[in-house]
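Working through the structure, step by step
Each chain, letter by letter, is given below.
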Amino acid sequence: MFMILGYPAPLMFGQLLLGLINGAFFALLSLGLAVIFGMLNIVNFAHGALFMLGAFVAWGLLNFLGVNYWVALLLAPLIVGFFGVLLEKTLISRLYKLDHLYGLLLTFGLALVIEGLARNEFGSSGVPYPIPSQLQGAMNLGFMFMPIYRGWVVLASAIMCLITWLIIEKTSIGATLRAATENAPLVQAFGINVPRMITLTYAGGVALAAFAGVLAAPIYSVNPNMGANFIITVFAVVVIGGMGSILGSIVTGFGLGIIEGLTKVFYPQGSSVVIFVVMVIVLLVRPAGLFGKAA
Amino acid sequence: MTISRRALIGTAAAATALPLAARAQSPTIRIGVLTDLSGPYQDIAGVVSGHATRQAVEEFASKGFNVEVLVADHQNKSDVGVAVSRQWIDRDGVDVIIDLANSAVSLAVSGVCKEKNKVCIATGAATSDLTGKACNPNTIHWVYDTYMLARSTGGAMAKAGGDTWFFITADYAFGHALTRDVSGFVTAAGGKVLGDVRTPFPGTTDFSSFLLQAQASKAKVVGLSNAGADTINSIKQAREFGITQKLGGLLVFLSDVHSLGLDVCQGLVLSESFYWDLNDRTRAFSERLKPKAPTKRPTMVQAGNYASILHYLKVANAMGAAEAKKDGAATVARMKATPTEDDCFGAGSIRADGRKIHPCYLFEVKKPAESKGPWDYYKLLATTPAEEAFRPLKDGGCAMVNA
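Quick notes on the rules
Residues numbered from 1 in each chain as written. Chains lettered and ligands numbered in written order. Predicted model: local features only at pLDDT ≥ 70, side-chain atom pairs only at ≥ 80, totals over all residues. Heavy atoms only, no water. Helix = DSSP H or I, 4+ residues; strand = E, 2+ residues; numbered from the N terminus. Rg over C-alpha atoms; globule rule 2.2 N^0.38 Å. Buried < 20%, exposed > 50% of the residue type's maximum accessible area, 1.4 Å probe, protein only. Contact = heavy atoms within 4.5 Å. Areas by Shrake-Rupley, 256 points an atom, 1.4 Å probe, with all protein chains shown as cover. Lys, Arg positive; Asp, Glu negative; His and termini not counted. Charge placed at Lys NZ, Arg CZ, Asp CG, Glu CD. Domains from an automatic or database assignment. Buried area = accessible area lost by both parts, 1.4 Å probe. Salt bridge = Lys/Arg side-chain N within 4 Å of Asp/Glu carboxyl O. Polar contact = N/O pair within 3.5 Å; in protein donor to acceptor, adjacent residues only side chain to side chain. Nonpolar A, V, L, I, M, F, W, Y, C, P; charged D, E, K, R; others polar. Phe/Tyr/Trp six-rings, centres within 6.5 Å; stacked < 30°, edge-to-face > 60°. Lys NZ or Arg CZ within 6 Å of the ring centre and 35° of its normal. pLDDT = per-residue confidence, 0-100. Disulfide = S-S within 2.5 Å. Pairing = 2+ DSSP bridges. Axes fitted to C-alpha atoms, helices over the stretch in contact; angles between N-to-C directions. Core = buried A, V, L, I, M, F, W, Y, C linked by side-chain atoms within 4.5 Å.

Next up on the list: the overall build of chain A. In terms of helices and strands, chain A carries 11 helices and four strands. The C-alpha radius of gyration of chain A comes to 19 Å, within 12% of the 19 Å expected for a compact globule of 295 residues. Along the first, second and third principal axes, the C-alpha set of chain A runs to 65 × 50 × 35 Å. Within chain A, the proportion of its 295 residues that are buried is 53%. A fraction of 76% describes how many contacts in chain A between residues 6 or more apart in sequence connect residues 24 or more apart. Summed over all atoms, the accessible surface of chain A reaches about 12,900 Å², with 72% contributed by carbon and sulfur. Each charge class in chain A was averaged separately, 11 positive and 7 negative side chains, and the resulting centres sit 6 Å apart.

See below:
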């Protein structure tokens, strides 16, 4: 058996692939954050809680209404997105004129409230959510046993990232949106309803989080803290990629997933820290992040 | 309406004097349930721990003294646990502190109870140090400990042909202790430990990488030295990746199995000292508790709260409530001298080092087809008798035993 750096090659390939899978979640979550920050200038700390909400909505749909995974994948982001509209309209929209810090505090508070309510309702050990029957089982790739569902996760998030990037960078809606961030009064003068657009952008970012939540439900424990576990790492990903950079968050999401995966082989104890070490280095060398434009 | 200052002071004085007068006539024993109401252990202990304690109080019925139950959240922080305990003892007159689901909190609060000469009953804590190095005359450790789990699950699996092990260990004191204890039993049974991967705690959600390492080691058993959400994620992902090795869940509670579902959990081997569907008495207890927690079945920790408080109240009644309030160490000594008897753990006793001993049961999680419905999860594989289930008295290093 041939070896890489003293480890059997199959193990290494397996770890690379796993890293990519985790990277898919990082990418999807940080994408939503980047969209919201880029367009609204709000650091959305409630993102993890909304990710968790997505998973719980999928669970509720399945258990109370018999709605299957595939429909939930569409429906849960819509429901959570609508919740996002309510949040934006009633609370977040009041903070656009204030310092970033207020948005951060508000969304952080919202996250605590949402998670607290979920904990009260569901307890802390969470609820079961099965893998959809079409995606059960695994493929033998020769070097590792690849669960079909994990392959689907990578595929689905890659497609979702691509769609989001295309909408924002290549369509006229995206162009208007970017223009509105640069100069809202001017865009409004052209007869475009900027506040509504901002609301929908927030809803879109939140829907991405919920989409990731539904993807995560069959493989992670669906519990009220599941978002809190992810959110800090995802923030590091956004900072490394460059605050507000769409492409940056996608590339760094996948890249850091791989780095974290490899750390789990070489020095498992350090795997929760490695992303932050990278963050410190990147901030020292490129304070605006890898893909960010210096202010 | 105006209230004169004099009238106000008078009313306040009367209000404080009244309960004092009442107290003088019949003493009130106060039980503080210090548990996790908001964190990872709220399902194994939590609110239902309070219900189970109240259940014991109601069943005992008053025998010439009053009993009050207080419940508080220790937030899994030792300093919070200590602060609440001191406030309870100094201000509210609490006599017994119970539950303490979290090893670190239990060790800290046990010290406070010794200092204030109150009674500490740890039902939710895992660390065997409570009756070892850290033992004291005011503390009783009721339900389980790391030694019991290691011996029952580890020893049984090693005997059943699981002679090579790979551990996935939560990287903190509890995980290390569990891996160490189980390794001891595995090697004693002629087995071998092939590897041990330490996963960051808290904050690890994806265990697939570690599971693949376990798979590559070709060990027959993958030992999970973790708890709560970590264990749930490990088991869920092991199924997903088609890990064919036996999984040894070293600390798995009924509530974890409920959360995972039988599809994922089937075949898992685990140890508990109480299961609601074990025999007629445990079923009867669970039925009685049902009105308080209709959607749940009690875990062994919650059952431990019921059983230990029942025993405490019997002893307090025998020695007189006023006596029991005055001297915690004397009450604990009396509790050790009195055999225990309850629906949850049957007949048992408390050793000199504070260890409550009772049988330990090895269970296997049922297949979905074998289960009759929610909470029908376990089938009994083996029973370790009370005398063998826990660490021998002389090996613990408890100063009270050697003295």
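A word on the domain arrangement of chain B. Residue and element names in this part refer to chain B. Here chain B is described as being made up of domain 1 (26-144 + 280-358) and domain 2 (147-272 + 359-389). Domain 1 and domain 2 are separated by 28 Å when their C-alpha centres are compared. Counting residues at the interface gives 17 residues for domain 1 and 16 residues for domain 2. Contact with domain 2 buries area across many residues of domain 1, yet Tyr144, Met300 and His358 alone supply 37% of it, more than any other trio. Run the count over domain 1 and domain 2 and you get zero salt bridges. One can count one residue pair in polar contact (both at pLDDT 80 or more) joining domain 1 with domain 2. Among the residues forming the side of domain 1 that touches domain 2, the class breakdown is 10 nonpolar, four polar and three charged.

A separate point is the packing of aromatic side chains. Across all of its chains, the model carries 29 aromatic pairs over all chains by this definition. When the centroid spacing of 5.5 Å and the interplanar angle of 55° are considered together, the rings of A:Phe25 and A:Tyr220 count as tilted. Of the two residues, A:Phe25 sits in helix 1 (residues 9-40) while A:Tyr220 sits in the loop between helix 8 (194-216) and helix 9 (226-241), which places them 195 residues apart along the sequence. For the pair shown, A:Phe25 and A:Tyr220 are each scored as buried. Considering the side-chain rings of B:Phe207 and B:Phe210, the 6.1 Å spacing of their centres and the 65° angle between planes classify their relative orientation as edge-to-face. Geometry around B:Trp276 places B:Arg297 over its ring, the cationic atom sitting 4.2 Å from the centre.

Okay, the confidence of the model for chain B next. All names here are of chain B. Here chain B shows a mean pLDDT of 89. Residues at 70 or above account for 93%. Within the model, pLDDT remains below 50 along residues 17-23, and this stretch shows two contacts once partners closer than five positions in the same chain are excluded. For this predicted complex, the interface score ipTM comes out at 0.75, alongside a pTM of 0.79.

Below, the discussion takes up the state of the cysteines. As used in these notes, a disulfide is a covalent bond between sulfur atoms, one from each of two cysteines. Residue and element names in this part refer to chain B. Tallied over the entire structure, the rule returns one disulfide over all chains. Across a sulfur-sulfur distance of 2.0 Å, Cys135 and Cys398 are joined as a disulfide pair. The sign of the 85° torsion about the S-S bond sets the Cys135-Cys398 disulfide as right-handed. Here Cys135, found in the loop between strand 4 (119-122) and strand 5 (139-141), pairs with Cys398, found in the loop between helix 15 (386-389) and helix 16 (399-402); they are 263 residues apart in sequence, far enough to count as distant. Cys344 provides the cysteine sulfur closest to Cys360, a residue in no disulfide bond, and the two sulfurs are 16 Å apart.

Further remarks concern the pairing of strand 12 (residues 346-350) of chain B. Residue and element names in this part refer to chain B. Where strand 11 (residues 340-342) lies against strand 12, three bridges are found, and the strand directions are antiparallel. Across the sheet, the residue bridging to Glu341 is Ala347, located in strand 12. In textbook terms, the turn of a hairpin is the stretch between consecutive antiparallel strands, and for strand 11 and strand 12 this stretch comprises three residues. As judged from the two bridges shared by strand 12 and strand 13 (residues 356-357), these two strands associate in the antiparallel manner. In the sheet register, Ile350 faces strand 13, and the bridge partner there is Lys356. Adjacent in sequence and paired antiparallel, strand 12 and strand 13 are bridged by five residues, among which Gly354 carries a positive phi angle near 95°.

Now for the side chain of B:Asn102. By the secondary structure assignment, B:Asn102 is in the loop between strand 3 (96-99) and helix 4 (103-116). Once residues within four sequence positions are removed from consideration, B:Asn102 is found in contact with B:Tyr41, B:His74, B:Asn76, B:Gly124 and B:Ala125.

Attention now moves to the sheet that holds strand 12 of chain B. As summarised here, the arrangement of the three strands in space is 11-12-13 (chain B), forming an open sheet in which the pairing is antiparallel. One side of each edge strand has no neighbouring strand; the edge strands of this open sheet are strand 11 and strand 13 of chain B.

This paragraph deals with the sheet that holds strand 2 (residues 66-73) of chain B. All names here are of chain B. Reading across from one edge, 2-1-3-4-5 is the order of the five strands in this open sheet, with parallel pairing throughout. In this open sheet, the two strands that pair with only one neighbour each are strand 2 and strand 5. Across this sheet, the average inter-strand angle for adjacent strands is 20°, counted without regard to direction. Of the pairings in the sheet, the one linking strand 1 (residues 28-35) to strand 3 comprises four bridges and is parallel in character. Following the sheet pairing, Gly32 is matched in strand 3 by Ile97. In the packing of helix 4 onto the sheet, contacts are made with strand 1, strand 3, strand 4 and strand 5, and the angle to strand 4 comes to roughly 160°. Helix 12 (residues 300-319) contacts strand 1, strand 2, strand 3 and strand 4 of the sheet and is inclined by roughly 155° relative to strand 3.

A few words now on the nonpolar core. All names here are of chain B. The biggest cluster of nonpolar side chains holds 108 residues, and the ones touching the most others in it are Tyr144, Ile168, Val257, Tyr312 and Tyr378. When residues of this core are assigned to their parent elements, the largest contribution, 12 residues, is made by helix 12. A domain split of this core shows at least three residues from each of domain 1 (26-144 + 280-358) and domain 2 (147-272 + 359-389). Every residue in contact with Tyr312, bar those within four places of it in the chain, is listed here: Ile29, Asp95, Val96, Val119, Ala324, Thr331 and Met335.

A few words on unusual backbone geometry. Glycine aside, residues mostly have negative phi angles, and peptide bonds mostly take the trans form. All names here are of chain B. Backbone geometry places Asn76, a non-glycine residue, at a positive phi of 60°. Following the sequence through the fold, Asn76 ends up in the loop between strand 2 and helix 3 (78-90). Positive phi values are uncommon outside glycine, yet Lys218 reaches one of about 65°. Tracing the backbone through its elements, the reader meets Lys218 in the loop between helix 7 (208-216) and strand 8 (221-225). We classify Lys218 as exposed; its relative accessible area is 67%.

Let us look at the environment of B:Gln75. Residues and elements named next belong to chain B. Mapping Gln75 onto the fold places it in the loop between strand 2 and helix 3. C-alpha separation for the pair Gln75 and Pro40, spaced 35 residues apart in sequence, amounts to 9.5 Å. Beyond its immediate stretch of four places on either side in the chain, Gln75 contacts Thr35 and Val80.

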